[in-house]
Amino acid sequence: MKLLESTKNIVEHSHSHTKVSLDYSQNPQGNNLELNTKKGLFRKIKARLDSLAKSPALRKEKYQDDLMEVLAKNGFQRREFMKWAAVVTASLGLPASFVPLTARAAELANRVPLIWLHMAECTGCSESLLRSEDPGIDSIIFDYVSLEYHETIMAASGYQAEKSLEDAITTYKGKYVLMVEGGIPKNTEYFLTIGAHARTGAEECRHAAEGAAAIFAIGTCSSFGGVQAAAPNPTNANPLSEIINKRVINVPGCPPSEKNIVGTLMHFILLGDMAVDAFNRPKWAYGLRIHDLCERRGHFDAGEFVQAFGDENAKHGFCLYKVGCKGPYTFNNCSKLRFNSHTSWPIGAGHGCIGCSEPRFWDTMNPFEVPLGNRYQTAFTGAGADRTADNVGIIVLGAAAIGIAAHAMISGAIKPK
Ligand code: SF4
Ligand code: SF4
């Protein structure tokens, strides 16, 4: 009886704390608190969406229909849309009971003004999202968002395009999401001028960032400088975060998957903010290594490796570590979400991960077909990942720690400019 009393007290005490904290992992009493907290989070998201629903739909000239009608015209049924919402909800780390909220957030995406700027880049990130053949639900939703400015797909050019950008910045001041693709020259800004007035890329970013509600660096170029920042970096290309003085959430990858771009946008619509790692990447997408969920991981643990491209082991789908896979050092969710509407990904197609979502990967991860362990010592002196691979039966449990240690070491080895 006494035990019951004390348990009741603890639970009541815990409930009083749930009003101020959404962290339901702290209390060992478990279910009641968790349920209560989930309800709190659910209510918070619902209130955000209700408020968004009161805003008018933008770009009515393009989309007279609601999202379900747009999807239906593209051959998708509601069942497929709900399946998509379930995948996004799970990827964002939200409970299954939140699926209707994710679906509603997507339906309200046409209330969110979005400005997309191009800097020094190849436009591969846009391509990742806007592939015209067989567009998936992610691509359609991205198109359904009120995309106010995107140079690749807009008809306007020159003075007219500049006016569109200014109109969007003024009309939606304080409300728009800014996405930037590409690296930006710093103190050498003449290397990148844009538009009829030849404004520099840095000027354009600073100007657009002023009135933005949220800022996302899309792709490794914008997140970390990318290929143009690779040594010797002749244009002194820099990441967006070095150009503007507002918070930037990085969505790296070369290119990032459509799920990571649209998922980050959904996360913003649902919650407004998100947990990030040391490199300001959303933890929901970049919290685990490629190696952690790789379909070939069983072969790594069993010491079964492809020794050369095209050998017998390659035909058996063995681990690609010895032909250069950087999956143990790379944080991203490609192994889970894949690319091209979940059809495939580099390791699935037979080439190792090249580490494209890591800072300075062009300099630190190449040559891409040579194991990193050949060149770097890890915190475990003499036990680089190569030796781990050779002695995998003996020290397999150390492999994860070695990967993390190497990652930390490589990141630490990057000299600030
Ligand atoms: S991150 Fe890669 S795909 Fe995206 S713009 Fe840069 S080089 Fe192109
Ligand atoms: S080393 Fe590469 S291919 Fe092998 S399990 Fe890890 S991520 Fe997969």
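Owing to the predicted nature of the structure, the values given are computational and were not obtained by experimental measurement. (Residues numbered from 1 in each chain as written. Chains lettered and ligands numbered in written order. Predicted model: local features only at pLDDT ≥ 70, side-chain atom pairs only at ≥ 80, totals over all residues.)

(A) Examining the overall build of the chain more closely. On a plain count of helices and strands, the chain comes out with 20 helices and 9 strands. Residues classed as buried in the chain amount to 42% of the 417 residues present. Look at the contacts in the chain between residues 6 or more apart in sequence, and 68% of them connect residues 24 or more apart. (Helix = DSSP H or I, 4+ residues; strand = E, 2+ residues; numbered from the N terminus. Buried ≥ 20, exposed ≤ 12 C-beta atoms within 10 Å, placed from the backbone. Contact = placed C-beta atoms within 7 Å.)

(B) Focus on the site of ligand 1. Near ligand 1 you find 13 residues, and of these Glu-121, Gly-124, Gly-219, Cys-221 and Cys-254 are the closest. Only helix 6 (124-130) and helix 10 (219-224) provide two or more residues apiece to the shell around ligand 1. With 3 residues, helix 10 is the single largest residue contributor to the shell around ligand 1. Here the shell around ligand 1 is built from residues that sort into 6 nonpolar, 5 polar and 2 charged. (Near = placed C-beta within 6 Å. Nonpolar A, V, L, I, M, F, W, Y, C, P; charged D, E, K, R; others polar.)

(C) Region of the structure containing the UniProt feature "binding site: [4Fe-4S] cluster 2" (unreviewed entry) in the chain. Those places that UniProt annotates as "binding site: [4Fe-4S] cluster 2" (unreviewed entry) correspond, in this numbering, to His-291, Cys-294, Cys-319 and Cys-325. Annotated residues spanning 35 residues; largest pairwise C-alpha distance 11.2 Å, indicating a single compact cluster. Note that His-291 resides in the loop between helix 12 (283-286) and helix 13 (297-301). Assessed through the 26 C-beta atoms surrounding it within 10 Å, His-291 is described here as buried. Positionally, Cys-294 belongs in the loop between helix 12 and helix 13. Look at Cys-294 and you get buried, because 24 C-beta atoms sit within 10 Å. (UniProt positions renumbered as here; feature names shortened; annotations may be inferred.)

(D) Geometry of the environment of Arg-289. You can see Arg-289 is positioned in the loop between helix 12 and helix 13. Between the C-alpha atoms of Arg-289 and Asn-332, which are 43 residues apart in sequence, the distance is 5.8 Å.

(E) Structural context of the site of ligand 2. Around ligand 2 there are 15 residues in total, and Cys-294, Cys-319, Tyr-321, Cys-325 and Gly-327 lie nearest to it. Taken together, the residues of the shell around ligand 2 sort by class into 10 nonpolar, 3 polar and 2 charged.

(F) Seen up close, the packing of helix 5 (residues 99-107) against helix 11 (residues 258-271). At a minimum axis separation of 10 Å, helix 5 and helix 11 run at an interaxial angle of 100°. Taken together, the axes of helix 5 and helix 11 lie roughly perpendicular to each other. Each of Leu-101, Thr-102, Ala-105 and Ala-106 in helix 5 lies in contact with helix 11, whose residues at this interface are Met-266, Ile-269 and Leu-270. Classifying every residue of the contact of helix 5 with helix 11 by side-chain character gives 6 nonpolar, 1 polar and no charged. (Axes fitted to C-alpha atoms, helices over the stretch in contact; angles between N-to-C directions. Parallel < 35°, antiparallel > 145°, perpendicular 65-115°, else oblique.)

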